[in-house]
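# Coordinate inspection notes
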Amino acid sequence: MRCKWWLTLSWVLLGLCFFSACAQQQTPVKSETQQWWQDAVFYEIYPRSFADSNNDGVGDLNGIASKLDYLKDLGVDAIWITPCFPSPQVDFGYDVSDYENIDPMYGTLADFDHLAAEAGKRNIHIILDFVVNHTSDQHPWFLDSKSSRTSQHRDWYIWRDGKGPGQPPNNWTSTFGGSAWKFDPTTNQYYYHYFYAAQPDLNWRNPAVQDAMFDVTRWWYKRGVSGFRLDAVDTLFEDPNLTDNPVIPGQKNAYGDPVEKNVYNTKLPEVHDVLRGLRQVADQYHAVLIGETWTHDIAELNRYYGQGNNELQLPMDFLFTTVNKLSPAEFRKQIAAVNSAAGWPTFVISNHDIVRSYDRYGDGVHNDEIAKLMAGLYLTLRGTPILYYGEEIGMKTTPPTRKDEVQDPIGRTGWPKEKGRDGERTPMQWDDSVNAGFSKAKPWLPVPPTYKTHNVADELKDPNSVLSFYKTVLKLRHTNPALSDGNYVPLNENDDDVLSYLRIYNDQAVLVALNTSGAQQQVKFDFSKNGFSSATPLATTGKSSAQGQVVTLDPFGVFIGQLAK
Ligand code: NOJ
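Residues numbered from 1 in each chain as written. Predicted model: local features only at pLDDT ≥ 70, side-chain atom pairs only at ≥ 80, totals over all residues. Heavy atoms only, no water.

In this section: the sheet that holds strand 16 (residues 508-515). Reading across from one edge, 14-15-16-21-18 is the order of the five strands in this open sheet, with antiparallel pairing throughout. Edge positions in the sheet fall to strand 14 (487-491) and strand 18 (535-540), since each of these pairs with one other strand and no more. Shown here is a sheet whose adjacent strand axes are inclined to one another by a mean of 25°, direction ignored. Packed onto the sheet, helix 12 (residues 367-378) meets strand 15 (498-505), strand 16 and strand 21 (558-563) and runs at close to 150° relative to strand 16. (Pairing = 2+ DSSP bridges. Helix = DSSP H or I, 4+ residues; strand = E, 2+ residues; numbered from the N terminus. Axes fitted to C-alpha atoms, helices over the stretch in contact; angles between N-to-C directions. Contact = heavy atoms within 4.5 Å.)

Structure (structure tokens):
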């Protein structure tokens with residue numbers, strides 16, 4: 001009898017837990033408990049290409065400062081500036097020779113302070129790019145390290161004997177082509193570089209390296225920085241036994257190297273100790289850590305959030321960028337996966353290393369409509385969006401057409417299979433004047449011809465432009481709690497053409513319906529299942545509209561609407 005009583009009680013308790021779990025799913029995170037970076041819209045700036053204040057053909061910090069009003073008006077809350085520290089610029093700043101200064105090409109520390117002060121006045125946070133895996137080969141640490149086997153910084157990098165004369169220590173290849181080992185005749189040893197030879201890997205197993213790098217973050221936090229995007233975190237550690245990586249037989253990459261599985265030189269568990277350490281420092285300054293994390297699945301993504309969320313707040317979900325076609329099913333799968341992850345989602349559709357979204361999704365005919373469609377997607381999801389500069393005006397990837405035009409070294413090594421990343425790094429298109437208003441001097445990369453049709457000045461005047469749509473959606477995101485904090489609830493999951501979902505926050509709901517096809521679509525919804533009725537438009541493209549629970553969408557059309565209770 002007693003046993004039965006306990007059994008019944010257990011079932012009741014189990015039931016209660018189940019209902020409270022459901023209720024929890026329905027109860028969105030309260031806005032007051034959101035951290036600043038959860039409600040913020042981030043904007044990535046490639047400083048060489050954003051705005052050139054001193055007319056030398058390369059963008060700079062004062063150029064960025066001069067565009068803060070534009071960014072505020074667009075709806076940006078935080079700017080991530082790719083590396084602007086002193087650097088020989090072999091990898092355009094991702095080869096740092098001094099972590100605590102500004103490259104003269106971009107300005108001075110005083111210019112940085114001015115930028116930080118001006119950004120602060122507009123409530124715009126500054127995020128810097130912290131190149132954690134490697135330094136430049138011109139960094140004083142490396143110059144000392146290579147000077148002798150007994151130098152103070154020798155063990156700050158990874159030095160090893162070759163296997164034999166002319167033979168590197170193992171088979172690891174650099175992701176930028178060739179062996180990952182470079183022989184240095186001064187000390188007759190090889191050093192390891194996952195990227196270019198001019199980017200030697202730091203030895204993170206050395207506590208002195210950890211201390212020095214953690215101090216760098218403190219130095220910038222004290223100067224007003226609100227966080228870091230951590231470069232190449234996957235590659236921080238290597239197997240100390242230097243075990244050869246498995247090679248996929250019969251395959252060569254764009255550089256003619258064997259294709260390896262990077263089992264022994266990427267994603268080693270020790271990475272997480274470092275991330276926890278960096279996070280402890282970040283927490284003291286209410287800062288955010290964004291990770292360049294190339295994950296294969298959600299389990300890997302979860303590891304970057306850390307147990308109890310003690311590592312990265314925003315590991316970038318690049319899996320989303322691998323959905324390279326307008327496929328509702330694929331997007332649904334990816335969004336659901338990220339929503340089930342252990343931390344707050346981050347959505348990215350382009351950056352300085354990948355072909356712009358305009359070209360990845362565009363069909364060549366409706367590209368502007370498709371650019372708005374993509375904005376309607378990644379800016380209305382539950383999570384923090386990171387916009388890459390120029391996406392908001394529909395900038396196009398414009399790769400070099402000849403090898404001698406290439407600036408990005410990987411484009412020269414890999415030509416013609418790998419043309420490099422110049423195409424997605426071209427100057428921002430401000431207006432239709434000479435050099436698109438970016439600079440009075442010849443820009444470091446050619447301005448794409450599309451600056452005549454796609455530029456900030458003209459698009460600000462056109463209510464149907466890509467830019468106007470970005471502004472409308474971002475304004476909604478900042479003013480409508482369902483869009484910033486609401487739950488994601490997928491709808492009509494068998495529809496192959498229209499991707500639709502609700503964002504629900506308490507008694508408010510917003511419908512997002514995105515037509516990924518080139519034909520007009522009419523979609524019937526049953527909002528009553530979710531406790532709502534008809535939709536009224538908040539932001540639409542073309543003639544997309546709603547009548548009660550039926551939404552009609554233009555080809556590639558967007559309908560974002562408020563649902564009535
Ligand atoms: C990732 C950066 O995004 C890329 O531009 C750079 O070349 C590598 N890391 C090396 O730092």
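Looking at the ligand, the residues that line it are D91, Y94, H134, F176, F195, R229, D231, E292, H352, D353, R421 and R425. Within the side chain of D91, one N or O atom sits 2.5 Å away from an oxygen atom of the ligand. At 2.8 Å, a side-chain N or O of D231 approaches an oxygen atom of the ligand. Taking 290 Å² as the accessible area of the ligand by itself, protein coverage stands at 98%. For the ligand, the cavity whose grid points lie within 2 Å of the majority of its atoms is the largest pocket. The residue makeup of the shell around the ligand, split by class, is three nonpolar, two polar and seven charged. (Near = heavy atom within 4 Å. Polar contact = N/O pair within 3.5 Å; in protein donor to acceptor, adjacent residues only side chain to side chain. Areas by Shrake-Rupley, 256 points an atom, 1.4 Å probe, with all protein chains shown as cover. 1 Å grid on protein atoms, 1.4 Å probe; cavity = no way out; pocket = protein on both sides within 12 Å on 5 of 7 lines; lining within 4 Å. Sits in = over half its atoms within 2 Å of the grid points. Nonpolar A, V, L, I, M, F, W, Y, C, P; charged D, E, K, R; others polar.)

This part covers unusual backbone geometry. Residue P416 is reached from W415 by a cis peptide bond, and omega for that bond is 0°. Turning to its location among the elements, P416 is positioned in the loop between helix 13 (409-414) and helix 14 (456-461).

Now for the packing of aromatic side chains. Considering all chains together, one arrives at 36 aromatic pairs under this definition. On the numbers, 6.3 Å between centres and 25° between planes, the contact of W172 with W181 is stacked. One exposure class covers both W172 and W181, and it is buried. Aromatic pair F320 and F331: ring centres 5.4 Å apart, planes at 45°, arrangement tilted. (Phe/Tyr/Trp six-rings, centres within 6.5 Å; stacked < 30°, edge-to-face > 60°. Buried < 20%, exposed > 50% of the residue type's maximum accessible area, 1.4 Å probe, protein only.)

Let's shift gears to the domain arrangement of the chain. Interfaces are often sized by the amount of accessible area the parts lose when they come together. If you check the domain split of the chain, you get domain 1 (39-135 + 207-473) and domain 2 (140-192). One C-alpha centre belongs to domain 1, the other to domain 2, and the line joining them spans 29 Å. Taken together, the 25 residues of domain 1 in the interface contact 19 residues of domain 2. Interface area for domain 1 against domain 2, summed over the two sides, is near 1700 Å², with a carbon-plus-sulfur share of 57%. The residue K163 makes a salt bridge to D244 at a minimum N-O spacing of 3.8 Å. The interface formed by domain 1 and domain 2 contains eight residue pairs in polar contact (both at pLDDT 80 or more). Of all the elements in the fold, those that place two or more residues in the side of domain 1 that touches domain 2 are helix 7 (207-222), strand 9 (258-260) and helix 13. (Domains from an automatic or database assignment. Buried area = accessible area lost by both parts, 1.4 Å probe. Salt bridge = Lys/Arg side-chain N within 4 Å of Asp/Glu carboxyl O.)

Turning our attention to the packing of helix 12 against helix 15 (residues 466-479). Contact geometry for helix 12 and helix 15: axes closest at 9 Å, N-to-C directions at 10°. The orientation of helix 12 with respect to helix 15, classified from their angle, is roughly parallel. Judged by the twist between their axes, the crossing of helix 12 over helix 15 is right-handed. Along its contact with helix 12, which presents D368, A371, K372, A375, G376 and Y378, the element helix 15 presents V466, F469, Y470, V473 and R477. (Parallel < 35°, antiparallel > 145°, perpendicular 65-115°, else oblique. Left-handed = near helix turned anticlockwise from the far one by under 90°.)

Turning our attention to the nonpolar core. Most often, soluble globular proteins keep nonpolar side chains buried together rather than apart. Core analysis: the largest hydrophobic core is formed by 136 residues, its most contacted members being Y43 and I79. Residue contributions to this core reach at least three from each of two domains, namely domain 1 (39-135 + 207-473) and domain 2 (140-192). Those residues in contact with I79 that sit more than four places away from it in its chain are Y43, I45, I64, L68, L71, I124, H125, I126 and I127. (Core = buried A, V, L, I, M, F, W, Y, C linked by side-chain atoms within 4.5 Å.)

Now for the environment of V498. Within the secondary structure, V498 is located in strand 15. For the pair V498 and Q547, spaced 49 residues apart in sequence, the C-alpha to C-alpha distance is 17 Å. Beyond its immediate chain neighbours, meaning those up to four positions away, V498 contacts P328, R332, A513, L514, N515, Q521, V523 and L553.

Let us now look at empty space enclosed by the protein. Under the counting rule described, the total for this entry stands at one cavity of 30 Å³ or more. Empty space within the largest cavity amounts to approximately 30 Å³. The wall of the largest cavity is formed by S357, Y358, Y361, N367, I370, A371 and M374. When contributions to the lining of the largest cavity are tallied by element, the ones reaching two or more residues are helix 11 (357-361) and helix 12. Among the elements that take part in the lining of the largest cavity, helix 12 stands out by supplying four residues, more than any other. Residues of the lining of the largest cavity, tallied by class, amount to five nonpolar, two polar and no charged. (Points joined across faces, edges and corners; volume = space filled by probe spheres on them.)

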